[in-house]
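Notes for the structure review
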Amino acid sequence: MSLTIRGLLVITLLLGALAFALAPTACSESEEQSSSTSGSGGEGGLGGGDVGGASNGGGGGGGGTPLPESGAVFFADQDLVIPEVAAAGDTVGYAKTSPTVILPDPTFEIIAGDDAAQFVMEAGTGLITVADGATFDAATEATVPLTVRVGEPALGSNTAVVTVHVLAATTTVFIDPDNSADTAQDGSIDHPYDSFTDVSITSGYAYLLKRETQTYFDGALDIGVNDILIGAYGSGGRPYFESSSSSHAIYNWTGPQNVTVRDLEIRSTGDSCVRFGGATGANETIDNVLCHGPGWGVRAFSVAGLTIVYSEIYDIRDDGIFTAENTKVEIAFNDIHDVNQNWVEPYTPQTQAGGDAIQFVDNNQWHVHHNRLDRTNSGNKFCFIATNPSYPNLTVDEGVFEHNLLLGPKTTGDGGASIYFGSDAANLIVRYNTILAPSPGAIWSHSENLVFHGNVVSGIAALTCLASSPCTVDHNVFHAIDHDRILFSDCGLVARNNIFDTDQDTVAISNTGSLVESNNLYVQGPTGGDDGIEGDPLFVDPASGDFRLQAASPAIDSGLDAGYTVDMDGHPIPTGAAPDIGAYEYVE
């Protein structure tokens, strides 16, 4: 199995000093550099038509439970929505693959679940439409689970369930902006309203905007009631929704539950495309939304169960996603790029340009996975920042960041890094990510008991751990790093089964606290005293981003059993007689 990582061949290494200032922890380095949490304001395209996503009617909220360590998944379970009265040829949605992996020649097929032949799947794109003669009855088939297989010659295949949720006609309201001449408008499929201004948002209803139409809404659309879906119907790409509001295009303030916004292109020049919030808010979902233009893409506050999936967020002046004081958060399979656009080449201070791709403040039980976070066209701050947890009455301390592709940010006078964890974070797991230049560093962390394993870091400075407990760094690849050091910790470090592929002047490990160093492979030689080895790891094709091992690699069967069960591809550890060193087990 061989993955092609976006952009590796065109990424240029840019190095620079981190230049922020936070109060140091009890065991911090005198030259510590960090970031303010709030950026410049306290909160922080691919385009191409419509793409499928997850969660009907406000579901979601499962972000506190990480997926199994399944390796290189490029296609996962997801949900689509159609009205009960859908016609032949209507768009159901796309079976969406991960934005972190390029599929040069995919083939999509429904292999089970469509016994009544209700759907047609386009083999080359994954588009699912309604078949001729298909009929739906929401009372008897509210959900139709389709087993879909995606095959790709270089990657093999992934199989997942794409569940189609059927919306009852009695609780679905249709809006077609081009239907203004119809004097019999009643919100039905035959006589849709021509504007959201005709609609009184009522709990328990779905409100669908016709695809391939454009809506210019005067103000912000308030969805302040429970059990609401805002989505799309008909054939073609997402409907375009543009708001004139200086605040939010679509929002709620009062904490409704079970709210979903999906299948729309939203443009806003105000504060955000979508804003969720309220002390009683729960199970709120953004799915398959194209968001562009505002100060912040998505903002969410005090929600118990927040899901943001299969969406693209770009052309954002500050943060792509800003969330605070939420629990059970899942952010997955999103493409977030061209953020912090207040930053202007060659330098803008952080006080004027403090945006991140994703910013968490006091969130708990979160899972961030399979996202592409691209900061290559702006400097300052981070791809991902989290402080966690200090929200009242929370006792569980969980956060998993995995299978993401991180690019940038640019190195500037105000510093930055790919990932930042604040001093109130603890027990976080960062695994199976690919972290590439340009960036001043992979991670700047104050998290207690941080575990960093199975990652690939290429062309940038690596880890700085500043906490009172040891940082665990196992089974990683550090490639083409010519900074003054790769790993630094002043309070303790565990470093096992890593490959340090560096130039001769780079110090692999700089540590002033306790150190457990074992079974690492050094291209330029061990840093002293451990049972590591020196040699060429014999990567398959590092220039193309393939850091798997060739058959003659000295890393094979040379690792220590550190308790990990799968590698970055999902192969068992060990696959041979003993664990291999690096992020990948050798598989013949």
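These notes cover the structure that comes with them. Position numbers for residues count from 1 along each chain, tracking the sequence in the order it is written. Local features are withheld for residues below a pLDDT of 70 in this predicted model, meaning they are given only at 70 or higher, and side-chain atom pairs are given and counted only at 80 or more; totals for whole chains, interfaces and linings count all residues. Hydrogens are left out, water is left out, and the side-chain values use all remaining heavy atoms of the structure.

Segments assigned H or I by DSSP are reported as helices when at least four residues long, segments assigned E as strands when at least two residues long, and all are numbered from the N terminus. Counting its secondary structure elements, the protein contains zero helices and 49 strands. Burial classes follow relative accessibility: with a 1.4 Å probe on protein chains only, a residue under 20% of its type's maximum area counts as buried, one over 50% as exposed, and anything between as partly exposed. The buried share of the protein, taken over its 588 residues, is 61%. Areas reported here follow the Shrake-Rupley algorithm with a probe of radius 1.4 Å; residue values treat only the protein chains shown as occluding. Entry remark: accessible area of the protein is about 19600 Å², with carbon and sulfur atoms responsible for 49%.

In this scheme Phe, Tyr and Trp rings, the latter by its six-membered ring, pair at centre separations within 6.5 Å, and the angle between planes marks the pair as stacked below 30 degrees, edge-to-face above 60, and tilted otherwise. Summed over all chains, the structure comprises 20 aromatic pairs. Here the aromatic rings of F196 and F217 are separated by 6.3 Å at their centres, their planes lie at 90°, and the arrangement is edge-to-face. Linking F196 in the loop between β8 (172-175) and β9 (206-210) with F217 in strand β10 (residues 214-217), this pair joins segments that are 21 residues apart in sequence. The same class applies to F196 and to F217, which are both buried. Between F384 and F421, the aromatic rings sit 6.2 Å apart at their centres with planes inclined by 80°, giving edge-to-face as the arrangement. With F384 in strand β29 (residues 382-387) and F421 in strand β32 (residues 417-421), this pair connects stretches of sequence that are 37 residues apart. For the pair F384 and F421, one class covers both residues: buried. The structure contains a cluster of three or more aromatic residues connected by ring pairs, namely F360, W366, F384, F401 and F421. Looking at R299, its charged tip hangs above the ring of W296, at a distance of 4.4 Å from the centre. Charge-over-ring placement is defined geometrically: NZ (Lys) or CZ (Arg) within 6 Å of the ring centre, and within 35 degrees of the ring normal.

Next up on the list: the sheet that holds β32. When DSSP locates at least two bridges between a pair of strands, those strands are taken to pair. With respect to topology, twelve strands assemble into an open sheet ordered β11-β14-β17-β20-β23-β26-β29-β32-β35-β38-β41-β44, the strand pairing being parallel. Each having just a single partner strand, β11 (221-222) and β44 (507-511) make up the two edges of the open sheet. In this sheet, strand β38 (residues 463-465) lies alongside strand β35 (residues 443-445) in parallel orientation, the contact comprising three bridges. Paired with S445 across the bridge in β38 is C465.

Quick look at the pattern of salt bridges now. When a carboxyl oxygen of Asp or Glu lies within 4 Å of a side-chain nitrogen of Lys or Arg, that pair is called a salt bridge. Taken as a whole and judged by the stated rule, the model has 14 salt bridges. One salt bridge connects R267 with D315, and the closest N-O pair in it is separated by 4.0 Å. Of the two residues, R267 is situated in strand β16 (residues 265-268) and D315 in the loop between β22 (312-314) and β23 (321-324); the sequence distance between them amounts to 48 residues. Judged by relative accessible area, R267 falls into the partly exposed class, the value being 23%. Judged by relative accessible area, D315 falls into the partly exposed class, the value being 35%. Between R299 and D271 there is a salt bridge, and its shortest N-O distance comes to 3.0 Å. One end of the pair, R299, is in strand β20 (residues 296-301); the other, D271, is in the loop between β16 and β17 (272-277), with 28 residues separating them in the sequence. By relative accessible area, which is 6% here, R299 ends up buried. Through salt bridges with shared partners, a single ionic network connects R262, D263 and D287.

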